[in-house]
Amino acid sequence: MILQEVILCATAPLASGSGSGAIILHDIQTGTSLASFKQSSSAPHCTSFVETRDGQGGFILAAQQDKSILNVYNFQKDQLALKIVLPEKLSCIALDNSGSFCAGGTAQGRIYLWEVASGILYNSWDAHYRHVNVLKFTHDGAALISGSDDSGVNVWSVARIVDNDTQNELPTPYCMLSDHTLPVKDIVCGLGAFPTCRVLTASLDHSVKLWDISSQSLLTTFYFPKPISSAVWDITERLFFAASPDGSIYQVNLFRQRTEKHAGQTIEAVGGAGVSDVIRVADEDSNSRKRLITVDQPITVLTISLTSSLLLVGTATGLIHIYDIASHQLLRTISTHKGMSISHLTTMLKPPDLVGHVSLSLNLGSSADAKDIIPMRPVVPFHRMKDSKAREAHEVAMMLPVQDETPGGIPSAYDYPEAEFQRDYAFFVQPNVIGTSEASSARVAKLEAEIENLKEQLGKAKGINDVMWETVVQKIMTQEKQTTTVEGQNNIVSGEGEDDEDHVERPRKKGKIRSK
């Protein structure tokens, strides 16, 4: 099946020097391991990836937590593809969706921006006063958002950062989102082109704030009883989950149902009143308890499946819990990483060129031929210093899309018949349905045959029961008739004897009376 959702997770040792972590892909339905990329130990927000698409293979970047090294992996082989030496140790990294730019933050508050295909360092600047905890690109890659221990959230325009005319100037943020009072630990970007998108920021000051980038304003503040270290937003922006390090996960709905006298029940948005709009989420509230998920281990990362039906929770003890969002029921737990910490967790479509699981639609003779059909995206070592000459002279490899009518063209990794696509799509959006339509039809035919067999057996059993019933009834009827006949004869004989005795005794009685 091509449309198969998988889990991509990164592990790190609980203590530095106690071993090496890995990057692993799991089947989201069974939890089985599909591929493993070893020799990697990355901290939270230090792993990023680009999926295989547009005729180019995807790759994974992992900044090592104990050294200034960036590991590069691709999905076509389970070995380290490239080891990049960095200017300094990074505290977080981010890739835009197209895989064009990579951003890295440091513990000193500095941010680097590289072009992935050429390795050129476009810019590096002091963006914060303290440790940079998280970097996120908007979905269109037009802006970079950074969160730091200095409680600040800055939005940077990528176009301004890479502009040749401003290379000698200190970059200024597009806007500063400064309403938190403690370190910002997570950032979630909503859908939409910059700057029309909305942003969630989670902080240790017990709050999650919802921002509107276009107006550069705070929409709503959600206040929790515990510090918030990670958050995840439903893709439709209907709800989000916020997790505290101690193991509490809060579900916050961004809509509510109201009952009006004339209009009936209506749905309205929650919040949006600005700085003064504070919504408190309390443990004691009955409604909050219904939306609370308690995990026994410290939580490191959250994510939501592509179908928006499952919540995945990574813990500091190496467990991955999968919950049903509608019922908050724990469906399964992946426990193959005990003794490690889950530092990264996300879901994606299974890469068609995944090592050991190359898609049959590629028509390859062997897995080694995958790179010939789907070439890997170019990733070259990153420059450690800004070089204006390299910027002017650099060239970036570009892959032109292959048209379907081109003779000898490269087949698309997702090119397959319409009927098969619809079947796989139905399985993808209904993951609880087991098997395809053909398997279901065979199962129905088997059940119908079994029902017919049971009906036949039931008919035979009823026939035997009827014969037994008639036999027993006839036997009882015959016995009752015989008993009735014998009793009748006995009654006749006993009646004649009594009459004779009466005739004998009557004269005696009369004689006695006369003697008196």
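The shown structure was predicted, so the numbers you read here are calculated from the model rather than taken from an experiment.

**Brief notes about unusual backbone geometry**
Between Phe194 and the following residue, Pro195, the backbone shows a cis peptide bond with an omega angle of 10°. Mapped onto the fold, Pro195 is located in the loop between strand 16 (184-189) and strand 17 (198-203). Look at Gln39: it is not a glycine, yet its phi comes out positive at around 60°. For Gln39, a relative accessible area of 57% puts it in the exposed group.

**Some details on the packing of aromatic side chains**
Enumeration over the complete set of coordinates arrives at nine aromatic pairs. Relative to Phe194, the ring of Tyr174 has its centre 4.9 Å away and its plane inclined at 65°; by these criteria the two rings are edge-to-face. Note that Tyr174 is positioned in the loop between helix 1 (158-161) and strand 15 (175-177) and Phe194 in the loop between strand 16 and strand 17, a separation of 20 residues in sequence. A relative accessible area of 24% means that Tyr174 is categorised as partly exposed. Exposure remark for Phe194: the relative accessible area of 17% places this residue in the buried category. Ring geometry for Phe222 and Phe240: centres 5.2 Å apart, planes at 70°, overall edge-to-face. Residue Phe222 is located in strand 19 (residues 217-223), and its partner Phe240 is located in strand 21 (residues 239-243); the two are separated by 18 residues in the primary sequence. For Phe240, a relative accessible area of 0% gives the class buried. Put simply, the rings of Phe37, Tyr73 and Phe75 pair up and form one aromatic cluster. When the ring centre of Tyr112 is taken as origin, the NZ or CZ atom of Arg110, which lies over that ring, is 5.9 Å away.

**Here we look at the pattern of salt bridges**
Taken as a whole and judged by the stated rule, the model has eight salt bridges. In this structure, Asp126 and Arg110 form a salt bridge, with 2.9 Å as the shortest nitrogen-oxygen distance. Of this pair, Asp126 sits in strand 11 (residues 121-126) while Arg110 sits in strand 10 (residues 110-115), and the two are 16 residues apart along the sequence. Residue Arg110 is classed as partly exposed on the basis of its relative accessible area, which comes to 23%.

**What to know about the pairing of strand 30 (residues 330-334)**
Alignment of strand 29 (residues 320-324) against strand 30, held across four bridges, turns out to be antiparallel. Bridged to Ile322 within strand 30 is Arg332. What sits between the antiparallel neighbours strand 29 and strand 30 is a turn of five residues, in which His328 has the positive phi angle 60°.

**Here's the deal with the nonpolar core**
Counting residues in each nonpolar core, the largest one holds 20 residues, and the members touching the most others are Leu61 and Leu70. Those elements giving two or more residues to this core turn out to be strand 4 (42-50), strand 5 (59-64), strand 6 (69-74), strand 8 (90-95) and strand 10. Dropping the residues within four chain positions of it, Leu70 is found in contact with Leu61, Ala62, Ala63, Leu82, Lys83, Ile84, Leu86, Ile93 and Phe382. Listed in part, the 19 residues of the second largest apolar core include Ile111, Val132, Val158 and Ala390.

**Comments concerning the side chain of Ser343**
Mapped onto the fold, Ser343 is located in strand 31 (residues 340-349). On the basis of relative accessibility, which here comes to 4%, the residue Ser343 falls in the buried class. Polar contacts involving the side chain of Ser343 include one to the main-chain carbonyl oxygen of Ser42, which spans 2.9 Å. If sequence neighbours within four positions are ignored, Ser343 has contacts with Ala10, Thr11, Ala12, Ser42, Ala43, Pro44 and His45.

Quick notes on the rules
- In this convention, every chain numbers its residues from 1, walking through the sequence in written order.
- In keeping with the predicted nature of the model, local features appear solely for residues at pLDDT of at least 70, side-chain atom pairs appear and are counted solely at 80 or more, and the whole-chain, interface and lining totals rest on all residues.
- Each side-chain value is derived from all of the structure's non-hydrogen atoms; neither hydrogens nor water enter the calculation.
- Helix numbering and strand numbering both begin at the N terminus, where a helix is a DSSP run of H or I of at least 4 residues and a strand a DSSP run of E of at least 2.
- Exposure classes here rest on a 1.4 Å probe applied to the protein chains alone. A residue is buried below 20% of its type maximum, exposed above 50%, and partly exposed in between.
- The aromatic pairing rule takes the rings of Phe, Tyr and Trp, using the six-membered ring of Trp, and pairs them if the centres are within 6.5 Å, calling planes under 30 degrees apart stacked, those over 60 edge-to-face and the rest tilted.
- Charge-over-ring placement is defined geometrically: NZ (Lys) or CZ (Arg) within 6 Å of the ring centre, and within 35 degrees of the ring normal.
- Salt bridge criterion: a side-chain nitrogen from Lys or Arg within 4 Å of a carboxyl oxygen from Asp or Glu.
- Pairing between strands is defined by DSSP: at least two bridges between the two strands are required.
- Residues grouped as a nonpolar core are buried Ala, Val, Leu, Ile, Met, Phe, Trp, Tyr and Cys residues, joined through side-chain atoms within 4.5 Å.
- In what follows, a contact means two residues having at least one pair of non-hydrogen atoms within 4.5 Å.
- A 3.5 Å cut-off defines polar contacts: any pair of N or O atoms within that distance qualifies, except that in protein one atom must be a possible hydrogen donor and the other a possible acceptor, and neighbouring residues in sequence count only when both atoms are side-chain atoms.

Remember, this is a structural readout, not a statement about activity or role.
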